[in-house]
Amino acid sequence: MKRYSVFAIAREAMRYHQGWEKAWRSPAPKASYDAIIIGAGGHGLATAYYLGKNFGITNVAVIEKGWLGGGNTGRNTTIIRSNYLQDPSAAIYNKALSLYEDLSQDLNYNVMFSPRGLLMLAQTHHEVRGYLRTVHANNLQGVKTEWIGPEKVKELVPIINIDGPRYPVLGALYQARGGTARHDAVAWGYARACSAMGMDIIQQTEVTGVRSENGVVKGVETTRGFIGCKKLGIVVAGHSGQVADMAGFRLPVESLALQALVSEPIKPCMDVVVMANTVHGYMSQSDKGEMVIGGGTDGFNNFTQRGSFHHIEETLRALVETFPMISRLKMLRQWGGIVDMTGDRSPIISKTPLGNCFINCGWGTGGFKAIPGSGWAMAELMAKGEPGPLAAEFNMWRFREGQFIDESVAAGVAH
Amino acid sequence: MLILECPYCGVKAEETELSPGGEAHLKRFGPGSSDEDFENYMFARKNPKGVHFERWRHSYGCGKWFLAARCTATLEVFGTYPAQTTEPPADIIDKIKAKRPDWKGYK
């Protein structure tokens, strides 16, 4: 892999940009690998990357039924934050945030991480109390967040209306380190680094079965034939239940559609990320100038990657009160992603009933921000066969024991 | 937009009139059951990509709970029926089998 640098740009400028090579190879699958990861989204690619970087395991294939980063990695609102209430969540999301901070340098690929600051608006007294509690919890966890009043919110976000009749802004939970990153670049950067380590990223290849003998996975059946493996990682988000079914175990997840939309591009008007959980809406401005808006999930199981129109309508209706200037904006695109939700709205990074098969799923509506931390923890689990401190409490048996990591109650809504 | 016909009042209700209520025909496990049964009853919902049986409430209409058979991959509705059944009625099953010949059946 040729490194990207200012010298590379200068060199290529002198020769009509003829020397750029493909960012990753697209090889035919080998007969077997030390480890196979199903799913070349952010989490799967990050898992492969840290398997190689932290544990020296590079005989790895990442198998993807579509194109890499084409699922939820390409369908989110790119928000990065770590202001969670529960300790295990704060630990893994904060690990992810600190890895994001120098990910561009680490991958030699500009992921455009922009720590522009993030506000979670409190628009009811219940939320005020909830966020004050989160600020105290974050201080104990070593995650720097602060509570700010409505005047400070108005100062940070001049376009906001803080005294709307239905949803007044009573204050906000502010994480200055939070922000956004370029979602595609995260997947592409990891893919390029994995490919450079000799890993095979096999796109357009769907896993159709998991072959196991005596509780040990031997490999996977795919649309391009059988591929053997010593270890298997399932990192497929919305279709986790389907792949787990092939492997012969059940997961406590349900798949729902989550929607987002973007407006036409406008001049810079908001340089922080604003989340309004009471109305299930969040908004940031992309570098292209589009207002990126995320909505809530539908209430019923769905695999269609499009959501119910009335959810968008509700989100926008509420956001228009808080941001009156967006009422004249035209919306350009709307899309849905299939998110896998667990009962406590926390992820699963776990061993499975099959000895050499591991699963990373259940990120629900909050997966993008976790990508580096999730990959880090999953790689440790796959390499050692036992979870490290980041993953230990996210095991799939916590539901039986009642040891929830209850972010659904903590957030009041899905995150 | 999802449209379900309420089996009680006969209204073809669209989604904003309805509230989803999760998987239908759950068998309840309580005190005295095994940990695994209780865990499955509490958390391990069926999550098929295809035919699914669900509870819905006609909340902005007659207010009654009813059940629906629906495809989660296409949003096609196979039929709705009253909630007082422990498994899907035969006519619904026949309709699904006619439209989805490779469906493995209700279990």
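- If you check an unreviewed UniProt entry, chain B appears there as Sarcosine oxidase subunit delta from Gemmobacter aquaticus.

- Named according to an unreviewed UniProt entry, chain A is Sarcosine oxidase subunit beta originating from Gemmobacter aquaticus.
- Under the Subcellular location (unreviewed entry) heading, UniProt states for chain A: "Cytoplasm".
- The UniProt entry for chain A carries the following text under Sequence similarities (unreviewed entry): "Belongs to the SoxB family."

## A few points about the sheet that holds strand S4 (residues 118–122) of chain A
Residue and element names in this part refer to chain A.
Stage number 1. Spatially, 8 strands are ordered S5-S6-S4-S13-S14-S15-S12-S16 in an open sheet, and the strand pairing comes out mixed. Two strands bound the open sheet, and with one partner strand each, they are strand S5 (146–148) and strand S16 (331–342). Here the strands of the sheet are splayed against their neighbours by 25 degrees on average, with no regard to which way each runs.
Stage number 2. Across 3 bridges, strand S13 (residues 273–276) lies against strand S14 (residues 281–285) in antiparallel orientation. In the sheet register, Val274 faces S14, and the bridge partner there is Met283.
Stage number 3. Of the strands in this sheet, S4, strand S12 (253–263), S14, strand S15 (291–301) and S16 are in contact with helix H9 (residues 309–322), which crosses S15 at around 140 degrees.

## Examining the UniProt feature "domain: Rhodanese" (unreviewed entry) in chain A
Stage number 1. Within this numbering scheme, the UniProt entry marks residues 36–79 of chain A as carrying the feature "domain: Rhodanese" (unreviewed entry).
Stage number 2. Segment residues 36–79 of chain A splits into 32% helix and 18% strand. End C-alpha atoms: 29 Å apart.

## Some thoughts on the packing of helix H2 (residues 42–55) of chain A against helix H7 (residues 183–196) of chain A
To describe two helices that pack against each other, one gives the angle between their axes and the distance between the axes.
Residues and elements named next belong to chain A.
Stage number 1. Between H2 and H7, the least distance of the axes is 9 Å, while the angle of their chain directions is 35 degrees. As H2 runs across H7, the sense of the crossing is left-handed. Counted together, Leu45, Ala46, Ala48, Tyr49 and Tyr50 of H2 and Ala187, Tyr190, Ala191, Ala193 and Cys194 of H7 form the full contact between these two elements.

## Some thoughts on the side chain of A:Glu64
Residues and elements named next belong to chain A.
Stage number 1. Within the element layout of this structure, Glu64 appears in the loop between strand S2 (60–63) and strand S3 (79–80).
Stage number 2. Buried and unpaired, Glu64 has no salt bridge, with Lys65 as the nearest side chain of opposite charge at 6.9 Å.
Stage number 3. Within the local environment of Glu64, its side chain forms a polar contact with the backbone nitrogen of Gly66, the two atoms lying 3.0 Å apart.
Stage number 4. Setting aside anything within four residues of it in sequence, one finds Glu64 in contact with Gly39, Ala40, Gly41, Ile202, Gln203, Gln204 and Thr205.

## With respect to the packing of aromatic side chains
Residues and elements named next belong to chain A.
Stage number 1. As enumerated under the stated definition, the model contains 17 aromatic pairs over all chains in all.
Stage number 2. Their ring planes at 70 degrees and their centres at 5.0 Å tell us that Tyr49 and Tyr50 sit as a pair that is edge-to-face. Just as Tyr49 is buried, Tyr50 falls in that class too.
Stage number 3. Relative to Phe404, the ring of Phe399 has its centre 6.2 Å away and its plane inclined at 50 degrees; by these criteria the two rings are tilted.
Stage number 4. For Phe399, a relative accessible area of 2% translates into the label buried.
Stage number 5. Taking the relative accessible area as the measure of exposure, Phe404 reaches 36% and is therefore partly exposed.
Stage number 6. Members of the aromatic cluster, each reached through a chain of ring pairs, are Tyr49, Tyr50, Tyr190 and Trp376.
Stage number 7. For Arg211, the ring lying beneath its charged end belongs to Phe226, and the centroid distance is 3.8 Å.

## Describing the side chain of A:His43
Residue and element names in this part refer to chain A.
Stage number 1. With respect to the secondary-structure elements, His43 resides in helix H2.
Stage number 2. Among the polar contacts made by the side chain of His43, one reaches the side chain of Ser374 at a distance of 2.6 Å.
Stage number 3. Once residues within four sequence positions are removed from consideration, His43 is found in contact with Val235, Asn360, Trp363, Gly367, Ala370, Ile371, Ser374 and Gly375.

## What about the interface of chain B and chain A?
How big an interface is tends to be reported as the loss of accessible area on association of its parts.
Stage number 1. On the side of chain A, 23 residues touch chain B, which itself brings 23 residues to the contact.
Stage number 2. Between chain B and chain A, the buried area comes to about 2000 Å², and carbon and sulfur atoms account for 55% of it.
Stage number 3. Counting the surface chain B buries against chain A, the share from its top three residues, B:Phe43, B:Asn47 and B:Lys49, is 32%.
Stage number 4. Taken together, chain B and chain A are joined by 1 salt bridge.
Stage number 5. Among the ionic pairs, B:Glu39 bridges to A:Arg400, the shortest N-O distance being 2.8 Å.
Stage number 6. Between the two partners, chain B and chain A, sit 10 residue pairs in polar contact (both at pLDDT 80 or more).
Stage number 7. Looking at the side of chain B that touches chain A, the elements that each hand over two or more residues are helix H1 (35–42) and strand S4 (51–57) of chain B.
Stage number 8. The biggest single contributor to the side of chain B that touches chain A is H1(B), with 4 residues.
Stage number 9. Considering only residue class, the side of chain B that touches chain A consists of 8 nonpolar, 6 polar and 9 charged.

Cut-offs used in this document
- The numbers attached to residues start from 1 for each chain and follow its sequence in the written order.
- All chains are assigned letters beginning with A, and all ligands numbers beginning with 1, in the order in which they are written.
- Note on the predicted model: pLDDT of at least 70 is required for a residue's local features to be given, and 80 or more for side-chain atom pairs to be given and counted; whole-chain, interface and lining totals, by contrast, use all residues.
- Think of the side-chain values as coming from all heavy atoms in the structure, minus any hydrogens and water.
- UniProt positions are given in the numbering used here, feature names are shortened, and annotations may be inferred rather than shown by experiment.
- At least two bridges found by DSSP between two strands is the condition for calling them paired.
- Counting from the N terminus, the helices are the DSSP runs of H or I reaching at least four residues and the strands are the DSSP runs of E reaching at least two.
- Only the contacting stretch of a helix is used when fitting its axis, a line to C-alpha atoms as for every element, and angles between N-to-C directions run 0 to 180 degrees.
- The contact rule is simple, with two residues in contact once any of their heavy atoms fall within 4.5 Å.
- Note on convention: the crossing is left-handed when the near helix lies turned anticlockwise from the far helix by less than a right angle, right-handed when the turn is clockwise.
- Each residue is assigned to one of three classes by its accessible area relative to the maximum for its type, calculated with a 1.4 Å probe on protein chains only: buried under 20%, partly exposed between the two thresholds, exposed over 50%.
- We treat Lys and Arg as the positive residues and Asp and Glu as the negative residues; His and chain ends play no part in the count.
- By definition here, a salt bridge exists when the distance from a side-chain nitrogen of Lys or Arg to a carboxyl oxygen of Asp or Glu is within 4 Å.
- Any pair of nitrogen or oxygen atoms within 3.5 Å is treated as a polar contact; in protein, a donor-acceptor pairing is required on top of that, and neighbouring residues in sequence qualify only through side-chain atoms on both sides.
- Two rings from Phe, Tyr or Trp (for Trp, the six-membered ring) form a pair when their centres are within 6.5 Å of each other. A pair whose planes differ by under 30 degrees is stacked, one over 60 is edge-to-face, and the rest are tilted.
- Charge-over-ring contacts are defined here by two conditions on Lys NZ or Arg CZ: a distance within 6 Å of the ring centre and an angle within 35 degrees of the ring normal.
- When two components associate, each loses some accessible surface as probed by a 1.4 Å sphere; the sum of these losses over both components is called the buried area.
- Note on residue classes: Ala, Val, Leu, Ile, Met, Phe, Trp, Tyr, Cys and Pro are nonpolar, Asp, Glu, Lys and Arg are charged, and everything else, Gly too, is polar.

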